[in-house]
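Coordinates in review
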Amino acid sequence: MGRAFVAKLARQGARDPQALAAWIGRRKHGRAAFQRLAKAGRDDADAQRELMGRVRPGGSLSRDLTGFSDTELGRALSELTPGQAQRVAGEMDRRDTAARLPGARPDLIGLSDAELGRRAGTATGPELAAIADEADRRQKVAQVFPGGSLAEDLSRMDENTLGWSLAYARPDEAERIAAEMDRRHPPAPVPAASGADTVDGQLADRATVDELLGSSPDGWAHLADDRPDPREGMSSTERWLADREQEQESARGAYSRAQVQEMYREHVYAQYLAAEDELRGVLLSRDADRQGIDPMSLFTGPSHVAYARASEELKRWWQANPRTTLAEYQEQVTGQRTAAGDTARKSRGDQQNRL
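Reading the values: rules and limits
Residues numbered from 1 in each chain as written. Predicted model: local features only at pLDDT ≥ 70, side-chain atom pairs only at ≥ 80, totals over all residues. Heavy atoms only, no water. 1 Å grid on protein atoms, 1.4 Å probe; cavity = no way out; pocket = protein on both sides within 12 Å on 5 of 7 lines; lining within 4 Å. Points joined across faces, edges and corners; volume = space filled by probe spheres on them. Helix = DSSP H or I, 4+ residues; strand = E, 2+ residues; numbered from the N terminus. Nonpolar A, V, L, I, M, F, W, Y, C, P; charged D, E, K, R; others polar. Salt bridge = Lys/Arg side-chain N within 4 Å of Asp/Glu carboxyl O. Buried < 20%, exposed > 50% of the residue type's maximum accessible area, 1.4 Å probe, protein only. Expected span 1.5 Å × (residues − 1). Contact = heavy atoms within 4.5 Å. Phe/Tyr/Trp six-rings, centres within 6.5 Å; stacked < 30°, edge-to-face > 60°. Lys NZ or Arg CZ within 6 Å of the ring centre and 35° of its normal. pLDDT = per-residue confidence, 0-100. Axes fitted to C-alpha atoms, helices over the stretch in contact; angles between N-to-C directions. Parallel < 35°, antiparallel > 145°, perpendicular 65-115°, else oblique. Left-handed = near helix turned anticlockwise from the far one by under 90°. Core = buried A, V, L, I, M, F, W, Y, C linked by side-chain atoms within 4.5 Å.

Remarks on empty space enclosed by the protein
The full count for this structure, using the stated rule, is one cavity of 30 Å³ or more. Lining of the largest cavity is provided by R63, D64, L65, T66, R87, E91, R94, V141, A142, F145, G147 and G148. At the level of secondary structure, the elements contributing two or more residues to the lining of the largest cavity comprise helix 5 (82–100) and helix 8 (125–144). Here the element with the most residues in the lining of the largest cavity is helix 5; it accounts for three residues. A class-by-class count of the residues in the lining of the largest cavity yields four nonpolar, three polar and five charged.

Description of unusual backbone geometry
The phi torsion at R280 lies on the positive side, around 55°, for a residue other than glycine. By secondary structure assignment, the location of R280 is in the loop between helix 13 (257–278) and helix 14 (286–290).

Topic: the layout of surface pockets
Taken as a whole, the second largest pocket spans an internal volume of roughly 300 Å³. In terms of lining residues, the second largest pocket is bounded by 16 residues, among which G103, A104, D133, E134 and R137 are the most central. Secondary-structure elements contributing two or more residues to the lining of the second largest pocket are helix 6 (106–109) and helix 8. Broken down by element, the lining of the second largest pocket gets its largest block of residues, six residues, from helix 8. Of the residues in the lining of the second largest pocket, the class split is nine nonpolar, one polar and six charged.

With respect to the pattern of salt bridges
Opposite charge on two side chains permits pairing when their charged atoms draw close. Going through the model one piece at a time under the given rule, you end up with 20 salt bridges. Between R105 and D107 there is a salt bridge, and its shortest N-O distance comes to 2.9 Å. Look at D107 and you get partly exposed, because its relative accessible area is 36%. What you see here is one network of salt bridges that share partners, running through D70, E91, R94 and R95.

Focus: helix 8
Relative to the 28 Å expected for 20 residues at 1.5 Å per residue, helix 8 spans 29 Å between its end C-alpha atoms, a close match to the ideal helical length. Those residues of helix 8 that are buried are in contact with helix 5, helix 6, helix 7 (113–122) and helix 9 (159–165).

What about the packing of aromatic side chains?
Enumeration over the complete set of coordinates arrives at five aromatic pairs. Between W164 and Y168 the ring centres are 4.8 Å apart and the planes differ by 45°, which places this aromatic pair in the tilted class. Taken together through their ring pairs, the aromatic side chains of Y269, Y272, F299, Y307 and W318 make up a single cluster. Looking at R94, its charged tip hangs above the ring of F145, at a distance of 5.3 Å from the centre. A cation over a ring is seen here: K140 above W164, with NZ or CZ 5.3 Å from the ring centre.

Remarks on the environment of V141
With respect to the secondary-structure elements, V141 resides in helix 8. Taking the C-alpha atoms as reference, V141 lies 9.7 Å from L65; in sequence the two are 76 residues apart.

As for the confidence of the model for the protein
Per-residue confidence for the protein gives a mean pLDDT of 78; residues scoring 70 or more make up 72%. The element-level mean pLDDT for the protein is lowest in helix 2 (residues 17–29), coming to 56, with helix 14 highest at 92.

Details of the environment of Q86
Inspection of the secondary structure assignment puts Q86 in helix 5. Q86 gets classed as exposed once you look at its relative accessible area, which sits at 60%.

Things to note about the packing of helix 13 against helix 17 (residues 326–334)
Look at helix 13 against helix 17: their axes get within 10 Å of each other, and the N-to-C directions meet at 110°. When the axis of helix 13 is compared with that of helix 17, the two are roughly perpendicular. Judged by the twist between their axes, the crossing of helix 13 over helix 17 is right-handed. Together, R257, V260, Q261, M263, Y264 and H267 of helix 13 and L326, Y329, Q330 and V333 of helix 17 make up the contact between the two elements.

A look at the side chain of R94
With respect to the secondary-structure elements, R94 resides in helix 5. When residues no more than four places from it in sequence are discounted, the contact partners of R94 are R137, V141, F145, G148 and Y168.

Notes on the nonpolar core
Of all hydrophobic cores here, the largest spans 22 residues; its most connected members are L283, L298, F299, L314, W317 and W318. Of all the secondary structure elements, the ones that give two or more residues to this core are helix 13, helix 15 (303–309), helix 16 (312–320) and helix 17. The element best represented in this core is helix 13, accounting for seven residues. Counting residues in each nonpolar core, the second largest holds 13 residues, with V141, L150, A169 and I177 among its members.

Have a look at this one:
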């Protein structure tokens, strides 16, 4: 009779529950049938002990679980510690992942090495190739995930193996694999920023970003060669005037009003940070500071208001780092002079002359 039945008899107060269970078994099944059942039970127990000797030799879980079948790991699970059972669960997760990949053979993935070997003995053609692929997968898993976790040293693994292992890796392991790939192929250094506190620097930075992210015209510029030349038949003077007009038109259309305003906000903020850093925060006059004026507001708007609220240190700083209004900034971006820009420059010059 089974161990559960023996335990039940013990709880009910039997003095020798095993003997009582054997007597009940003989009475229930007959002597011959009971002996057959007892032999089958002993055989099952022997097979379980043999399996556990392979799964957990010396009490420690085998470092390589890839050679055991799904059935064997399932039979061993009830006799494992929580930590050992977690490793078995990790191996089963990797098998589930493998079974979902294109061209996978779940019927082979769940076999033991011995069962796989027996199939290989009679297989030919595509079936033999599939068995070889499964054997190779197990070898890679054992190499990349020894003991159920990603190997400590990834430097000796080839890149194909590292890329293959990403499908089986936990998130933290995938980060380690990505870090190893970055170490082998470090990204090119990003060019140093020219600085958004000046218009030229800001435009240079934007051009650098466009160059890094944009596509090269080398592959398609030749398509424009078939277009007719709009200046054909013009004199040299007419060509010069046409080129000049096109440059001005391109400058006006290079940025929309919203884009210029966004760029101006970036420029003002960068100039404010630079001034605050160099002047250690001394940007406002005493009266403006008492009134709670936002120091960043000094970097935009009318010059006479800004100079009235600025500290002496900031006024001197503006001499070396000119304060730019939106009208002036738009002129510098588009290359087109405007009346509003002229007014802003005159106002700034007047304020500087009073220093």
